[in-house]
Every structure is written in structure tokens, then in C-alpha cells.
Amino acid sequence: MRLLLINPNTTVSMTEKAAIAARAVTSAGTQIIAATSQMGPASIEGYYDGAIAVPGMLRELKERQAAGYDAAIICCFDDTGLEAARMFCDVPVIGLCEAAVATAGFLAQRFSVVTTLERSRILIDNLVQRYGMGGRAKVRACDIPVLELEDSSSGAIGKLRAEIERALAEDGAEAIVLGCAGMADLARELQSIYGVPVVDGVAAAVKQAEALVSLGLSTSKRSSYASPLPKPFAGAMQDFAPAPVPA
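Throughout what follows, the structure given in this document is the object of discussion. (Residues numbered from 1 in each chain as written. Predicted model: local features only at pLDDT ≥ 70, side-chain atom pairs only at ≥ 80, totals over all residues. Heavy atoms only, no water.)

**Re the pattern of salt bridges**
- Scanning the entire structure with this criterion turns up 13 salt bridges.
- We note a salt bridge from R121 to E118, for which the minimum N-O separation is 2.9 Å. Of this pair, R121 and E118 both sit in helix α5 (residues 118–130), 3 residues apart, which is roughly one turn of that helix.
- The partly exposed category is assigned to E118, whose relative accessible area is 41%.
- Among the ionic pairs, K207 bridges to E210, the shortest N-O distance being 2.8 Å. (Salt bridge = Lys/Arg side-chain N within 4 Å of Asp/Glu carboxyl O. Helix = DSSP H or I, 4+ residues; strand = E, 2+ residues; numbered from the N terminus. Buried < 20%, exposed > 50% of the residue type's maximum accessible area, 1.4 Å probe, protein only.)

**Regarding the sheet that holds strand β4 (residues 93–95)**
- The sheet built from 4 strands is open, its strands ordered β2-β1-β3-β4 with parallel pairing. Each edge of the open sheet is held by one strand with a lone partner, namely β2 (31–36) and β4. Direction aside, the axes of adjacent strands within the sheet are offset by 25 degrees on average.
- Relative to β4, strand β3 (residues 71–74) is paired through 3 bridges, and the arrangement is parallel. By the bridge assignment for β4, A72 is matched with V93.
- Its contacts with the sheet put helix α1 (residues 12–23) on β1 (2–7) and β2, and the angle it makes with β2 is roughly 165 degrees.
- On top of the sheet, helix α2 (residues 47–63) reaches β1, β2 and β3; it is set at about 155 degrees to β1, its chief contact. (Pairing = 2+ DSSP bridges. Axes fitted to C-alpha atoms, helices over the stretch in contact; angles between N-to-C directions. Contact = heavy atoms within 4.5 Å.)

**Structural notes on the pairing of β1**
- Most of β1 is tucked away: 5 of the 6 residues are buried.
- Both β1 and β2 contribute to a ladder of 6 bridges, which runs parallel. Across the sheet, L4 pairs through a bridge with I33, a residue of β2.
- As for the winding sense of the linkage, the β-α-β connection from β1 through α1 to β2 is right-handed.
- Looking at chain direction, β1 and β3 are connected through 4 bridges and run parallel. Residue pairing in the sheet places L5 in a bridge with I73 of β3. (Right-handed = clockwise from strand over helix to strand, strands pointing away.)

Structure, rendered in C-alpha cells:
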């Protein structure tokens, strides 16, 4: 089984960190192909960054089709471009947020998602509501720019831990979801420290992708996620025009 792990931002070190977390939980015979977007923002913090990141992510999906993959994972907790990718692909496409909150729902009645900045908190809170977990989850921000997670001297880990402690004390959280792909390497350590399940979206997405492929299931192409209709695209977006479906 080949799983394509796409980082929709352009920071290679974040891709490598996520790939390590993914490979740590794969089943025998599963291969992780890690890809970094070649155009767009260095990090995704809010709606604008996410919108600009989508074309680069879709290009990676397209360019790697020839080599083949059985499922794709969008490695950003904002589930950047998830709906568009599901229309584009004929294989399952998994978002980190959707996978993580679904996994947390199996483990706890109440859980808290701890993410980076307030602008990301609002976006993720909307996703949590959409995924049907609004009554069980609270989303918190710990005031960490995403790229500070790459800098061990930034104090980011201390801020994250402090927010987790507030979630446990104030929210009645029974589990914690790490709300950024850049936190993927911290889950096991934090679980050991706090004694509650700590869900990393990368690992959760890998296991759900494996499950769907093993079950022989893929995204429905009826209505919502039907393949894009062929039509002209203008300007810089010409390369993204959907190809006609072969007769």
C-alpha cells in the first residue's frame, strides 16, 4: 500500500517531521511517500494562507499520479483543500483534523484541541463543528506561530504544555488533540506526561487511510465529490483545468 503524504506548505523540515510520525505507525507493507508543495506559503495560518496553498497541493497530487498511490493525506490540520482534493482524486483523501477528532471521539467524551494561533483556532473550531464534534470538543490556541515549532529555542513547547494543562483543568478534557502537523513528534511524550490520550492528526490519518484502502473503499463520485467538469481555465490557472473524461 502506498500512501501519499502531502505537506501543503513549502517547509521541507515540517514534511520530514510528519513523515517520521507517519512511518512510526504504518503497518507492514505500507509505504509513505512524502511530498512538499513547491509553491505557496512557508506555513499555513488562517484562511488566506490556506487558499494560496491549494494550487500547489493539487499540483503535487497530479504530478505524482503516474507513480501511483492508494490514498492521500493532506498534512495540515486546517484540512487545506480537502474537498477539492476529494473531487480531483479517485482514491481516498484524508484530512488531519477530521481524522484526529474522529479518533478522539472513540477515546473520550470530552476532549480539547490545542492549536497554534487564534486565527487558526477559529478555523479549526469551525471544522470541529462541521465534523459533528462541537458538543464534545473545545479548541484552544497557545499563541505559537507555526514556524516556531521548528525552533527549539522559541519556548513553543512550554506554551503548548501550559495550554494543555489549562485544557485539562478548565475544560474537563479527557483527551488532547494536537492541532498542528508541526506537533506530530510530541504526542507520545505528552501522553506520557499527562496520562491521557494525546492524538496526533498525522498518525490518525495514516491509520484511517490504511483502513479505507484495506476495506476497498474510496470517495464517492456521486454528486458532492464528482470529478470536476472540463472547462477552460484562464491565466496562471490554465494548468489546473480539468481534463476531459476519456470516452
